[in-house]
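Read off the chains here:
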Amino acid sequence: MKTKNIIALISLSLVFIFNTAAQQKQVNLPAGWRAEEIKLPLSFAPDIPITGLEEVRFAPGWGDAESEEYFSYAFVWFLDDPNDLTIEDLEYFLIAYFDGIMGMVGGFEEVGTFTSLQQNGDFYKGELNTLDGFFTKSELILNFTIERLEEGKVWFFRLSPQPMDHAIWEQLNDEIRLVD
């Protein structure tokens, strides 16, 4: 009886240690950028069946529709359990995410987000069409990339309405990164 309790206690301790270690990894915060952390599952997108932590990094001009950094940001999902998400899962999650947050913030009854996604190994690239519920209340087209890291335990999203060759993408790709 004591052996079973000790084994159970060790098992629970290991699960806690591994989950805590995954969530201690953080995302770099360049000067001028704003950070936010959100516990998963997301309250605005309850149909996305994941648990863990989301870290968000907003470019300095994120909230200024006249800025070249407008709506340029990155978020990282640190999942409690590794997930081998399919391209269909990611498309569904992006639609649920943006329909949820833009509908909630903008007061839209229907957002109508749609996306197209291409996969190359653990790297995804695409375009997302939604409504800007935060600022302009009009159509918003975002280019984005997604990286699958650490065997599906970490998912890195980078988004901007700017074309992929714009300078903001150099910042998103080089300055917004994981740190231990």
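The sections below set out a description of the structure shown in this document. (Residues numbered from 1 in each chain as written. Predicted model: local features only at pLDDT ≥ 70, side-chain atom pairs only at ≥ 80, totals over all residues. Heavy atoms only, no water.)

This brings us to helix α2 (residues 87-106). With 20 residues, α2 should reach 28 Å at 1.5 Å per residue; the first-to-last C-alpha distance of 28 Å fits that figure. Inspection of α2 places I87, L90, F93, L94, A96, Y97, F98, G100, I101, M102, G103 and G106 among the buried residues, and these make up the whole buried set. Summarising the contacts, the buried residues of α2 are in contact with β3 (52-58), β4 (73-79), β5 (114-120), β6 (123-131), β7 (139-149) and β8 (154-160). One or two steps after α2, the chain reaches G107, where phi turns positive at roughly 70°. (Helix = DSSP H or I, 4+ residues; strand = E, 2+ residues; numbered from the N terminus. Expected span 1.5 Å × (residues − 1). Buried < 20%, exposed > 50% of the residue type's maximum accessible area, 1.4 Å probe, protein only. Contact = heavy atoms within 4.5 Å.)

Before going further, it helps to examine the packing of aromatic side chains. Under the counting rule described, the total for this entry stands at 22 aromatic pairs. On the basis of an interplanar angle of 65° and a centroid distance of 6.4 Å, the ring pair of Y70 and F135 is categorised as edge-to-face. Taken together, the residues span a long stretch of sequence, with Y70 in the loop between β3 and β4 and F135 in the loop between β6 and β7 at a distance of 65 residues. Exposure remark for Y70: the relative accessible area of 11% places this residue in the buried category. When the centroid spacing of 6.3 Å and the interplanar angle of 40° are considered together, the rings of Y124 and W155 count as tilted. (Phe/Tyr/Trp six-rings, centres within 6.5 Å; stacked < 30°, edge-to-face > 60°.)

Time to look at the pairing of β5. Looking at chain direction, β5 and β6 are connected through seven bridges and run antiparallel. Considered in β6, the bridge of L117 is made with G126. (Pairing = 2+ DSSP bridges.)

Here the focus is the sheet that holds β3. Pairing is antiparallel in the open sheet, where seven strands are placed in the order β2-β3-β4-β8-β7-β6-β5. Looking at strand neighbours, the two that pair on one side only are β2 (34-40) and β5, the edges of this open sheet. Averaged over all adjacent pairs, the angle separating strand axes in this sheet is 20°, with direction ignored. With six bridges connecting them, β4 and β8 associate as antiparallel partners. (Axes fitted to C-alpha atoms, helices over the stretch in contact; angles between N-to-C directions.)

In this structure, I50 sits in the loop between β2 and β3. Along the chain, I50 and L40 lie 10 residues apart, while their C-alpha atoms are 6.4 Å from each other. Apart from residues lying up to four places away in sequence, I50 is in contact with L40, P41, W77, L79, N83 and F93.

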